[in-house]
Amino acid sequence: MLQFERGKSIGMVEAGWSARRVARQLGHSDYVERRCWDQWIREMSFTRRTDPGRPRLTSRREDRHIERNARV
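For the chain, the name recorded in an unreviewed UniProt entry is Transposable element Tcb2 transposase, with Trichonephila clavipes as its organism.

Have a look at this one:
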């Protein structure tokens, strides 16, 4: 979801729209809307998560080195 859409979503919910109605209007799932709203309430922000996956065990430099050695 783009930052603009997040702001629009928050505005709609604050205007009294249900999360389900906002999700359908913007073409998102209900879960995405609820998570955006929960984050807004918790942190008063709606920044996007940078890397929601597992923590990296190797650096990007080490990855390149491993890939280079695998090709040889």
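## Side note on the overall build of the chain
When its secondary structure is counted, the chain shows four helices and zero strands. Looking at the chain as a whole, 21% of its 72 residues are labelled buried. Long-range contacts, defined as pairs at least 24 residues apart, comprise 44% of the intrachain contacts of the chain with a sequence gap of at least 6. For the chain, the accessible surface area stands at approximately 6100 Å², while carbon and sulfur atoms represent 51% of it.

## Looking at the side chain of Ser 9
Looking at where Ser 9 falls in the secondary structure, it is placed in helix α1 (residues 3-14). Not counting chain neighbours up to four residues away, the residues in contact with Ser 9 comprise Val 22, Leu 26 and Glu 33.

## Things to note about the packing of α1 against helix α2 (residues 19-26)
Between two packed helices, the angle of one axis relative to the other and the distance separating the axes together describe the packing. Where α1 meets α2, the closest approach of the two axes is 9 Å, and the angle between their N-to-C directions is 145 degrees. Crossing angle aside, the handedness with which α1 passes α2 is right-handed. Where α1 abuts α2, its residues Glu 5, Lys 8, Ser 9, Met 12 and Val 13 lie against Val 22, Gln 25 and Leu 26. Here the contact of α1 with α2 is built from residues that sort into four nonpolar, two polar and two charged.

## Some points on the packing of aromatic side chains
Inspection of the entire model under this criterion finds zero aromatic pairs. Its end group placed over the ring of Trp 17, Arg 21 keeps NZ or CZ at 3.9 Å from the ring centre.

## Description of the pattern of salt bridges
The tally for this structure, following the rule as stated, stands at one salt bridge. The residue Asp 30 makes a salt bridge to Arg 20 at a minimum N-O spacing of 3.1 Å. Taken together, the positions of Asp 30 in helix α3 (residues 30-43) and Arg 20 in helix α2 put the pair ten residues apart, joining distant regions of the chain. Relative accessible area serves as the criterion here: at 48%, Arg 20 is assigned to the partly exposed category.

## A short note on α1
In an α-helix there are 3.6 residues to a turn, and that puts residues three or four apart on one side. For α1, which comprises twelve residues, the first-to-last C-alpha distance of 17 Å matches the rise-based estimate of 16 Å (1.5 Å per residue) to within 8%. Regarding α1, the residues found buried are Arg 6, Ser 9, Ile 10, Met 12 and Val 13. In a view along the axis of α1, the buried residues occupy a sector of 160 degrees, so they form one face of it. Residues of α1 that are exposed and angled more than 90 degrees away from the buried face: Phe 4 and Glu 14. Buried residues in α1 make contact with α2 and α3.

Reading the values: rules and limits
- Residues numbered from 1 in each chain as written.
- Predicted model: local features only at pLDDT ≥ 70, side-chain atom pairs only at ≥ 80, totals over all residues.
- Heavy atoms only, no water.
- Helix = DSSP H or I, 4+ residues; strand = E, 2+ residues; numbered from the N terminus.
- Buried < 20%, exposed > 50% of the residue type's maximum accessible area, 1.4 Å probe, protein only.
- Contact = heavy atoms within 4.5 Å.
- Areas by Shrake-Rupley, 256 points an atom, 1.4 Å probe, with all protein chains shown as cover.
- Axes fitted to C-alpha atoms, helices over the stretch in contact; angles between N-to-C directions.
- Left-handed = near helix turned anticlockwise from the far one by under 90°.
- Nonpolar A, V, L, I, M, F, W, Y, C, P; charged D, E, K, R; others polar.
- Phe/Tyr/Trp six-rings, centres within 6.5 Å; stacked < 30°, edge-to-face > 60°.
- Lys NZ or Arg CZ within 6 Å of the ring centre and 35° of its normal.
- Salt bridge = Lys/Arg side-chain N within 4 Å of Asp/Glu carboxyl O.
- Expected span 1.5 Å × (residues − 1).
- Arc of directions from axis to C-beta.

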